[in-house]
Amino acid sequence: MRPRIGVLALQGAFAAHARAFTELGAEAVEVRRPDQLEGVDGLVMPGGESTTMSMLLESSGLFDPIAKRLADGLPVLGTCAGMILLAAEVVDGRPDQRSFGAIDLTVRRNAYGRQVDSFETDLDVPELGPAPFHAVFIRAPRVDRAGPDVEVLASWDDRPVLARQGTVTVAAFHPELSGDPRIHSRFLEEVIAPRNPEKRLSAMPLASSREEVV
Ligand code: GLN
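Bear in mind the structure is a predicted one, so any value in this text is a computation, not a measurement.

Caption draft 1: Here's a closer look at the overall build of the protein. The number of helices and strands found in the protein is 6 helices and 12 strands. Relative to its full complement of 214 residues, the protein shows a buried share of 45%. Here the analysis covers contacts within the protein between residues at least 6 apart in sequence; of these, 68% occur between residues at least 24 apart.

So, in structure tokens, the structure goes:
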């Protein structure tokens, strides 16, 4: 099976994600319209500006179809702004900014400073093996709270920076920029054989999913 990975391409750092998946043997398709979501086995929400992406998700008509696919268990990888878009709660966002509430995190936008404060560091990620993962942080969101079902895969400065809940994986940094394919490769494994789909937030009886049950 050659998985087809949709890369949300409304704005931001989507091209390097698409390259990373192509190099790993997957098919990468850029997603700008709802019909381009059809047939994708996994989705990436890249870094960029979550406020702009939120607006473009609405104007493109993609927000609701993506929310539906996430509720159905579509594996998703959100990096930086993508992490903000997937979080249950966003602090210091624009008041009209929307998120999918797919992972039980409270994230604070730009909490590691402005562009000039962007930084790189080596992370210990036991799940990826003994070699550290070189992580590039660009005006990254900071995790202020992680719910009990969130698996923390890596932390920096005592805060989670790589985390997973069910089929939702998020990174506060830009894994597509360090030339290390291990996070993309791990995500592809998740697409091929999801490990804990029952743990995902969208599988829980939240208000949004309750409507579908009625
Ligand atoms: N600061 C951006 C936001 O709030 C995220 C930055 C990034 O994705 N590199 O959306």
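Having seen the model, we can carry on.
Caption draft 2: Representation of the pairing of strand β3 (residues 42-45) in the model. With burial as the criterion, each face of β3 is covered, one bearing G42 and V44 and the other bearing L43 and M45. Sheet topology note: the strand β1 (residues 4-8)/β3 ladder contains 3 bridges and is parallel. Its bridge partner being in β3, G6 is matched across the sheet by L43.

Caption draft 3: How the structure looks around unusual backbone geometry. Positive phi values are uncommon outside glycine, yet D92 reaches one of about 65°. If you trace the backbone, D92 turns up in the loop between β5 (87-91) and β6 (103-108). A residue is classified by how many C-beta atoms lie within 10 Å of it, and D92, with 13 of them, is partly exposed. With a phi angle near 45°, R139 is a residue other than glycine that sits in the positive phi range. Relative to the helices and strands, R139 resides in the loop between β8 (133-137) and β9 (142-146).

Caption draft 4: Quick look at the sheet that holds β9. Spatial strand order, β5-β6-β9: 3 strands in an open sheet with mixed pairing. Only two strands of the sheet have a single neighbouring strand rather than two, namely β5 and β9. With direction set aside, neighbouring strand axes in the sheet form an average angle of 25°.

Caption draft 5: Representation of the site of the ligand. Lining the immediate environment of the ligand, one finds G47, G48, E49, S50, C80, A81, I84, R109, N110, I138 and R139. For the shell around the ligand, the class distribution of residues is 4 nonpolar, 4 polar and 3 charged.

Caption draft 6: Just the sheet that holds β3, in detail. Spatially, 7 strands are ordered β2-β1-β3-β4-β12-β11-β10 in an open sheet, and the strand pairing comes out mixed. Each edge of the open sheet is held by one strand with a lone partner, namely β2 (27-31) and β10 (151-156). Each strand of the sheet is rotated relative to its neighbour by a mean of 20°, with strand direction disregarded. As paired elements, β1 and β2 share 5 bridges and run parallel to each other. Within the sheet, the bridge partner assigned to I5 lies in β2 and is A28. Across the sheet, helix α1 (residues 15-23) touches β1, β2 and β3, and the angle it forms with β2 is around 160°. Here helix α5 (residues 182-192) sits on the sheet and contacts β3, β4 (76-79) and β12 (168-171); the angle it forms with β12, its principal contact strand, is near 170°.

Caption draft 7: Molecular detail of α5. Turning to α5, its buried residues number three or more, namely I183, H184, F187, L188, E190 and V191. An end-on view of α5 places all buried positions within 155° of arc, on one side of the element. At its buried positions, α5 is contacted by α1, β3, β4 and β12.

Caption draft 8: Spotlight on the environment of P141. As for its position among the elements, P141 is in the loop between β8 and β9. A residue is classified by how many C-beta atoms lie within 10 Å of it, and P141, with 30 of them, is buried. Sequence separation of P141 and V90 is 51 residues, and the distance between their C-alpha atoms is 9.3 Å.

Caption draft 9: Quick peek at the nonpolar core. Of all hydrophobic cores here, the largest spans 61 residues; its most connected members are V76, M83, L86, A87, I103, L105 and A172. When residues in this core are grouped by element, the largest group, 5 residues, is from helix α4 (residues 81-86). Leave out the neighbours within four places in its chain, and M83 touches G78, V107, P141, V170, A171 and A172.

Caption draft 10: Quick look at helix α2 (residues 50-59). What α2 keeps buried is the set S50, M53, S54 and L57. Across the axial projection of α2, the buried residues extend over an arc of 105°, all falling on one side. In this fold, the buried residues of α2 make contact with α3 (63-71) and α4. G61 lies just past α2 and shows a positive phi near 80°.

Conventions and cut-offs
- Residues numbered from 1 in each chain as written.
- Predicted model: local features only at pLDDT ≥ 70, side-chain atom pairs only at ≥ 80, totals over all residues.
- Helix = DSSP H or I, 4+ residues; strand = E, 2+ residues; numbered from the N terminus.
- Buried ≥ 20, exposed ≤ 12 C-beta atoms within 10 Å, placed from the backbone.
- Contact = placed C-beta atoms within 7 Å.
- Pairing = 2+ DSSP bridges.
- Axes fitted to C-alpha atoms, helices over the stretch in contact; angles between N-to-C directions.
- Near = placed C-beta within 6 Å.
- Nonpolar A, V, L, I, M, F, W, Y, C, P; charged D, E, K, R; others polar.
- Arc of directions from axis to C-beta.
- Core = buried A, V, L, I, M, F, W, Y, C linked by C-beta atoms within 7 Å.

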